[in-house]
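Residue strings, one per chain:
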Amino acid sequence: MSVTKERPVIIGAGPGGLAVAWTLKEAGLDPLLLDREQQACSTWHSYYPSLRMNSWRRLSSLPGMRLSAEYGPWPMRNDFLTYMKKYIEVLSPDILFGTDARRVDRDGDRWVVRTADGDLRTEHVVVATGLHRKPFVPDWPGLDEFEGEFLHARDYTVPEPFAGKDVLVVGCGPTGIDIAVAAAQAGASRVRMSIRNMPVLFKLSPSTSLLCQAIKHGPLPHWLVNRASLLMHRIQWGDLSRYGMPTPKEGTMAGTARIGHSYGAIDRGLIAGVRDGSIEVVRGVTGFNRKAVLLDDGTSIKPDVVIAATGQRPDMEGLLGHLRVLSQPGGRPLVHGAQTLPHAPHLYFQGYRLPPGQLPDMAVDARAIARAVTGTRRFALAGALRGRR
């Protein structure tokens, strides 16, 4: 296989990669997409059906096609998949499914994308494999000996199997909150959430989405964002310490820098559940034994089910680790959108910004990448996409 410099290679056929493909085709180019799975947007297909987008619909459309107002302000997973199906039909992208990009190397003035089916040479590479490529489970001592049910949140689909069971959710991110609230509503006998470091929680609102975009794409300094996020948490929720939820000690940007992935979440029923007693907050998990989960205050609990909502990672070390383009911790790229590193020219990254706004970020960065690839501020419309939106 070979690709000329006029044909960029996009690794990943999820929303981020498809958004870049749209803007590049709009600019008159013919990108080639690679995806290791057998369908586009495979990660979205794997999410639990009750997933609701955190970003406001009006900010979350990809380039060239609007999310329908019929989905409401916060579209569901299936709404977005319906939208993506139409997006792909109109875009008609060239995608090589079942093609795992194993390594990207620099060879002279070209990039070489190495796959099991051969090497692809091109001037421009866009990496869009996603933030949520590999589930992450902490290295808890004794986990292998635990006799209760254990699963990662990535394997969660519906809450009904947990009815009548004692459930522990580990992690206070958006997914952990969704699962804990759903399990309580589905009739779990007891629901507890383990929180090691209390994150900043925001109410779901258009203003929150607008603020997040202003933070990431505007000139606000991180120290100001940290102070503002802590103030918003305090104003919205007050003192929750009597429920086992201490006041956060660091703002969103400081927390994200420390742990290497998103720090902060949108509340969709957790605070109400804690206040009415349907969800209990316990300390951080330090390990397991055959019968119990060990907590960092020296106590232990004996849930029937443990759900690790402990996040996912980009998992790009094998692909890009040798190029010095990834951050530690977390393994995210050091640059985003149209930015490239001096020692890695024309290697672009799409969909890895934190704190994540994901879809709004993808739309902004897709347009920026197309401008950088073409070297123009405005696109010469290809015509093939015009009139089909």
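Residues numbered from 1 in each chain as written. Predicted model: local features only at pLDDT ≥ 70, side-chain atom pairs only at ≥ 80, totals over all residues. Heavy atoms only, no water.

1. Quick notes on the overall build of the protein chain
Using the following cut-off: The numbering of helices and of strands both runs from the N terminus, where a helix is a DSSP run of H or I of at least 4 residues and a strand a run of E of at least 2. Each radius of gyration reported is based on C-alpha atoms, and the globular scaling rule is 2.2 Å times the count of residues to the power 0.38. Each residue is assigned to one of three classes by its accessible area relative to the maximum for its type, calculated with a 1.4 Å probe on protein chains only: buried under 20%, partly exposed between the two thresholds, exposed over 50%. In short, Shrake-Rupley with a 1.4 Å probe defines the accessible areas, and a residue's cover is counted only from the protein chains shown. We treat Lys and Arg as the positive residues and Asp and Glu as the negative residues; His and chain ends play no part in the count. For this purpose, a charge sits on NZ of Lys, CZ of Arg, CG of Asp or CD of Glu.
What the protein chain contains, in helices and strands, is ten helices and 20 strands. Against the 2.2 N^0.38 benchmark of 21 Å for 389 residues, the protein chain shows a C-alpha radius of gyration of 22 Å, consistent with a compact globule. On the principal axes, the C-alpha backbone points of the protein chain span a range of 60 × 40 × 40 Å. The buried share of the protein chain, reckoned over its 389 residues, is 52%. Taken as a whole, the protein chain presents about 17300 Å² of accessible surface, with 50% of it coming from carbon and sulfur. Here the protein chain contributes 48 positive and 37 negative side-chain charges, whose respective centroids are spaced 7 Å apart.

2. Regarding the sheet that holds strand β6 (residues 118-122)
Where we set the bar: Only strands that DSSP links by at least two bridges are regarded as paired with each other. Here an angle of 0 to 180 degrees is reported between the N-to-C directions of two axes, which are lines fitted to C-alpha atoms, with helices fitted over the stretch in contact.
Spatially, the three strands line up as an open sheet ordered β4-β5-β6, and their pairing is antiparallel. Of all strands in the sheet, those bounded by a partner on one side alone are β4 (101-107) and β6. Strand-to-strand, the axes of this sheet are offset by a mean angle of 25 degrees, without reference to chain direction. Examined bridge by bridge, β4 and strand β5 (residues 110-115) share six bridges and lie antiparallel to one another. Counterpart to Asp105 in the pairing with β5 is Val112.

3. With respect to the packing of aromatic side chains
Rules: Each aromatic pair joins two rings of Phe, Tyr and Trp (for Trp, the six-membered one) with centres within 6.5 Å, and gets the label stacked for planes under 30 degrees apart, edge-to-face for over 60, and tilted for any other angle.
One pass over the structure, following the stated rule, counts twelve aromatic pairs. Note on Phe80 and Tyr83: the rings are 5.7 Å apart at their centroids and 40 degrees apart in plane angle, and the pair reads as tilted. Here Tyr83 and Phe80 lie together in helix α3 (residues 77-91), a separation of three residues that amounts to about one turn. With respect to class, Phe80 is no different from Tyr83; both count as buried.

4. Digging into the nonpolar core
Where a protein is soluble and globular, its nonpolar side chains tend to be buried together. Here is the rule: To form a nonpolar core, buried Ala, Val, Leu, Ile, Met, Phe, Trp, Tyr and Cys residues must be joined to one another through side-chain atoms within 4.5 Å.
Core analysis: the biggest nonpolar cluster contains 67 residues, and Tyr87, Leu201 and Met245 have the highest contact counts within it. Elements that contribute at least two residues to this core include exactly α1 (15-26), α3, β10 (166-170), α4 (174-185), β11 (190-194), α8 (270-276), β18 (305-308) and α10 (359-374). At seven residues, α3 tops the list of elements feeding residues into this core. The next biggest cluster of nonpolar side chains, apart from the first, holds 25 residues, and it includes Ile11, Leu32, Leu120 and Leu347.

5. As for the sheet that holds β10
The cut-off we apply is this: Residues are treated as being in contact if the distance between any of their heavy atoms lies within 4.5 Å.
Taken together, five strands build an open sheet; the order of strands is β9-β18-β10-β11-β14 and the sheet is parallel. Sheet topology places β9 (149-152) and β14 (280-282) at the edges, where each strand pairs with a single neighbour. On average, adjacent strands in this sheet sit at an angle of 25 degrees to one another, irrespective of strand direction. For β9 and β18, the ladder comprises four bridges, and the chain directions are parallel. Considered in β18, the bridge of Leu151 is made with Ile307. Strands in contact with α4 are β10, β11 and β18; relative to β11, the strand with the most contacts, it is inclined by about 165 degrees.

6. Regarding the confidence of the model for the protein chain
What counts is decided by this rule: Values of pLDDT, which run from 0 to 100, indicate the predictor's confidence residue by residue.
Residues at a pLDDT of 70 or more form 90% of the protein chain, whose mean pLDDT is 89. Across residues 1-5, confidence stays below pLDDT 50; counting only partners more than four residues off in sequence or on other chains, it has 18 contacts. Within the model, pLDDT remains below 50 along residues 379-389, and this stretch shows 24 contacts once partners closer than five positions in the same chain are excluded.

7. Observations concerning α10
Residues spaced three or four apart along an α-helix point in a common direction, a consequence of the helix completing one turn every 3.6 residues. Condition: To estimate how far a helix should extend, the number of its residues minus one is multiplied by 1.5 Å.
An ideal rise of 1.5 Å per residue puts 22 Å on 16 residues; α10 measures up with 23 Å between its terminal C-alpha atoms. The set of residues buried in α10 consists of Leu359, Pro360, Asp361, Met362, Ala363, Asp365, Ala366, Ala368, Ile369, Ala370 and Val373. Once α10 ends, the next one or two residues include Gly375, with phi positive near 75 degrees.

8. Description of the side chain of Asp178
Within the element layout of this structure, Asp178 appears in helix α4. With near-sequence residues (within four places) excluded, Asp178 lies in contact with Tyr48, Leu51 and Arg268.

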